[in-house]
Amino acid sequence: QVQLVESGGGSVQAGGSLRLSCAGSGRTSSIGAMAWFRRAPGKEREFVGGITWSGLLTYYTDSVKGRFTVSRDGPKNTVYLQMNSLKPEDTAVYYCAARRGISIFANGSDYDYWGQGTQVTVSS
């Protein structure tokens, strides 16, 4: 089993930045890829970005390209989501997820483990 714990959410004004962290514990050696998803009020869960556990490949949804960066600290078993130039439409609960396969998928059903989520609120 793998446990994921997110942190770093909060409230920020439009144009500001936040960095989310997702710390993994347990059988992290079984992880092949990790991703960030978000769910805004009244909307479906949305893929934000992902990274292979090796850290060599990343993938982002179009709406965050150039603003968000996913990175990984191997020794700390932690994945980060650096969010810059935040917009009110980025307001959501952000979740990290991990999968045993080594590919990054945008479908949440392809992920095996999930964190509890952290709220991000961007005001205009």
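Anything mentioned here points back to the structure above.
All figures in this text were calculated on a predicted structure; none of them were measured in a lab.

A. View of the sheet that holds strand S1 (residues 2–7). Within the open sheet, the four strands sit side by side as S1-S3-S8-S7. Their pairing is antiparallel. Only two strands of the sheet have a single partner each, and these edge strands are S1 and strand S7 (68–73). In this sheet, neighbouring strand axes are inclined to one another by 20 degrees on average, regardless of whether the strands run parallel or antiparallel. Both strand S3 (residues 18–26) and strand S8 (residues 78–83) contribute to a ladder of six bridges, which runs antiparallel. Its bridge partner lying in S8, Leu18 is registered against Met83.

B. View of the side chain of Ser21. Looking at the element boundaries, Ser21 is found in strand S3. The residues contacting Ser21, other than those within four sequence positions of it, are Val5, Glu6, Ser7, Trp36, Thr78, Val79 and Tyr80.

C. Representation of the environment of Thr52 within the structure. Looking at where Thr52 falls in the secondary structure, it is placed in strand S5 (residues 45–52). A relative accessible area of 8% places Thr52 in the buried class. Not counting residues up to four positions away in its chain, the partners in contact with Thr52 are Gly32, Ala33, Leu57, Arg72, Ile102 and Ile104. Engagement of the side chain of Thr52 in a polar contact is seen with the side chain of Ser54, the distance being 3.1 Å.

D. Spatial organisation of the nonpolar core. Grouped together as the largest cluster of nonpolar side chains are 28 residues, with contacts concentrated most on Leu4, Met34, Trp36, Phe68, Leu81, Met83 and Tyr94. At the level of elements, S1, S3, strand S4 (33–39), S5, S7, S8, strand S9 (92–99) and strand S11 (118–123) are the ones that each hand at least two residues to this core. With sequence-adjacent residues up to four places away left out, Leu81 is seen in contact with Leu18, Arg19, Leu20, Trp36, Val48, Phe68, Thr69, Val70 and Tyr94. Listed in part, the seven residues of the second largest apolar core include Ala33, Phe37, Phe47 and Ile104.

The rules we used
- Residues numbered from 1 in each chain as written.
- Predicted model: local features only at pLDDT ≥ 70, side-chain atom pairs only at ≥ 80, totals over all residues.
- Heavy atoms only, no water.
- Pairing = 2+ DSSP bridges.
- Helix = DSSP H or I, 4+ residues; strand = E, 2+ residues; numbered from the N terminus.
- Axes fitted to C-alpha atoms, helices over the stretch in contact; angles between N-to-C directions.
- Contact = heavy atoms within 4.5 Å.
- Buried < 20%, exposed > 50% of the residue type's maximum accessible area, 1.4 Å probe, protein only.
- Polar contact = N/O pair within 3.5 Å; in protein donor to acceptor, adjacent residues only side chain to side chain.
- Core = buried A, V, L, I, M, F, W, Y, C linked by side-chain atoms within 4.5 Å.

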